[in-house]
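A structural walkthrough
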Amino acid sequence: MVLAAAAAAAKTMVTVNGVPISDREVSDRAFRQFGTSVLNEIADEILVRQAAKAAKVQADPAEVAARLQRIRGQFADDKTFSERLSAIGLSSQELQDRISAQILRESLVAAEKKLSVAEAEAREFFEANKEKLGAGEAVRLRHILVGSEKEANDFLIALRAGADFARLAGSVSLDSGTREKGGDLGFVSRGMLQGELEAAVFGAAPGGLAGPVRTSAGFSVFKVEERRAAKAVVFEEVKADLLRALLADKIGKAWPAYLQELRDKAKYVAPK
């Protein structure tokens, strides 16, 4: 009776030239290929929840909300955000649950291993990396990519005669990634471009044109929309982020050994 019921429960997902593939066949193969890793993942999650309960550690709801908001902030609107979640097979609640589980894990390791970051540590890191943390000189660029130097020079003449750069880029540029944005490349910092190209665009004034410059994709003409001066960073402006990042680094390094401790103490019983 049990076997008959199990057989009846299997459903055909698709047929290939008349040969059916059942959901049971798919799940069985998936379990054989990934079952062990998934089983270990679930077991580790149980160990973390048990250890957190014993240590009276919880995920801070405010931190969960803050991280969720930071992720949401990477998308233009709620619709785009929801579409992206759907594309990777996640609901908003599932994402929130994952974030909560991650914060619980981090909080547990920090509490159990007594991890923290003193302001002096953050300041020391700041002093050693001040130049990297600061905002370098940058220019906001538009470009038009064409196939030949003659085309580039012709468009350069048209632009100097008053043609609208964004409109022209939108109609003739070969760069599909920026064409719909009027050739807008956003801000580019000094040091990100190759020598000849960097000298050309950083040598132009705001509103000025540069080029043609030969690149691996063809020939480009550039317009400098805006120039942003280098800005030195102040410790107080980045202190909170530094404290958070340095603590996350310590937690990340301590996590594998701590997880192994939990595994070593656990009692695993498989049914006979």
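The rules behind the values
Residues numbered from 1 in each chain as written. Predicted model: local features only at pLDDT ≥ 70, side-chain atom pairs only at ≥ 80, totals over all residues. Heavy atoms only, no water. pLDDT = per-residue confidence, 0-100. Helix = DSSP H or I, 4+ residues; strand = E, 2+ residues; numbered from the N terminus. Contact = heavy atoms within 4.5 Å. Patch = residues over 30% accessible without salt bridge, like charges linked within 9 Å, V, L, I, M, F, W, Y side chains within 5 Å. Areas by Shrake-Rupley, 256 points an atom, 1.4 Å probe, with all protein chains shown as cover. Salt bridge = Lys/Arg side-chain N within 4 Å of Asp/Glu carboxyl O. Expected span 1.5 Å × (residues − 1). Buried < 20%, exposed > 50% of the residue type's maximum accessible area, 1.4 Å probe, protein only. Arc of directions from axis to C-beta. Pairing = 2+ DSSP bridges. Core = buried A, V, L, I, M, F, W, Y, C linked by side-chain atoms within 4.5 Å.

With 96% of its residues at a pLDDT of 70 or more, the chain shows a mean pLDDT of 87. Per-element averaging of pLDDT across the chain places helix α1 (residues 2-9) at the bottom with 48 and helix α5 (residues 92-112) at the top with 95. Within the model, pLDDT remains below 50 along residues 1-7, and this stretch shows 1 contact once partners closer than five positions in the same chain are excluded.

Looking now at a nonpolar patch on the surface. Together, Met 13, Val 14, Val 16 and Val 26 make up a nonpolar patch on the protein surface, roughly 340 Å² of accessible area in all. Per-element tally for the nonpolar patch: the top contributor is strand β1 (residues 12-16), with 3 residues.

With that out of the way, let us pick up helix α8 (residues 149-160). The terminal C-alpha atoms of α8 lie 16 Å apart, and with 12 residues this matches the ideal 16 Å at 1.5 Å per residue to within 8%. Every buried residue of α8 is accounted for by Ala 152, Phe 155, Leu 156 and Leu 159. For α8, the arc enclosing every buried residue in end-on projection is 105°, short of the 170-degree limit, so these residues lie on one face. Of the residues in α8, the exposed ones pointing more than 90 degrees away from the buried face are Lys 150 and Ile 157. If you follow the buried residues of α8, they end up packed against β3 (138-146), α9 (165-172), β5 (209-215) and β6 (218-228). In the segment just after α8, Gly 162 is the residue with positive phi, at about 115°.

Burial of β3 is extensive: 8 of the 9 residues sit out of reach of the surface. Note: β3 against strand β4 (residues 184-189), 5 bridges, orientation antiparallel. Each residue of the ladder has a partner; that of Leu 141, found in β4, is Gly 186.

Residues Leu 95, Ile 99, Leu 104, Leu 108 and Tyr 258 are the most contacted members of the largest nonpolar core, which totals 22 residues. Mapped onto this core, the elements with two or more residues apiece are α2 (23-55), α3 (61-72), α4 (78-87), α5 and α12 (235-265). At 7 residues, the largest contribution of residues to this core is made by α5. When near neighbours in sequence (up to four residues on either side) are disregarded, Leu 95 contacts Leu 68, Ile 71, Phe 81 and Leu 85.

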